[in-house]
Amino acid sequence: MSILKPTLLTTFRRVSSQSPCVAGPIEKLIEERINKELAPTSLKIINESHMHRHHAPMQGVESTETHFRVKVVSDKFAGTSMIKRHRLIYGLLANEMKAENGIHALALETKTPAEAEKTQAKQ
């Protein structure tokens, strides 16, 4: 029995502990670009910025959208290495990663639907 449905797009958001369901402009941009380029069957964007506010490089940074964990399942990853998958997503977000007060850290999990199913079967 397959848990992933090819036509289902799943999105999970957490901006901060104070506002658990509000997506900011950078998160929305991440979602838009990944949806447009990769047509994912599953996309989870988790804003972890609040967990890094105390780090030295974040002192004085006003943005609440600096650290994201992004989990993408897409058929477009078939036949590509993890490095190529990550480079593709970094390329989609290059300007935001270079911008002052932009994305500081991006943790990626990139899988094909078959890889995601295999991972879920092990759990």
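For the structure itself, consult the block above.
Our subject in this report is the structure included herewith. Since this is a predicted model, take the numbers as computed values, not measurements.

Here's the deal with the pairing of strand β2 (residues 67–73)
- Of all seven residues in β2, five are buried; the element is thus mostly enclosed.
- Bridge analysis of strand β1 (residues 42–47) against β2 gives six bridges, and the strand direction is antiparallel. Residue pairing across strands places serine 42 opposite valine 73, the latter belonging to β2.
- Bridging between β2 and strand β3 (residues 105–111) involves seven bridges; their strand directions are parallel. Across the sheet, the residue bridging to arginine 69 is alanine 107, located in β3.

What about helix α2 (residues 82–92)?
- By the burial criterion, the buried members of α2 are Arg85, His86, Ile89 and Leu92. One side of α2 holds all its buried residues, which, seen down the axis, span an arc of 120°. Exposed and oriented more than 90 degrees from the buried face of α2 are Lys84, Arg87 and Gly91.
- Where α2 is buried, its residues contact α1 (25–38), β2, α3 (94–98), β3 and α4 (113–122).

Parameters and conventions
Residues numbered from 1 in each chain as written. Predicted model: local features only at pLDDT ≥ 70, side-chain atom pairs only at ≥ 80, totals over all residues. Heavy atoms only, no water. Buried < 20%, exposed > 50% of the residue type's maximum accessible area, 1.4 Å probe, protein only. Helix = DSSP H or I, 4+ residues; strand = E, 2+ residues; numbered from the N terminus. Pairing = 2+ DSSP bridges. Arc of directions from axis to C-beta. Contact = heavy atoms within 4.5 Å.

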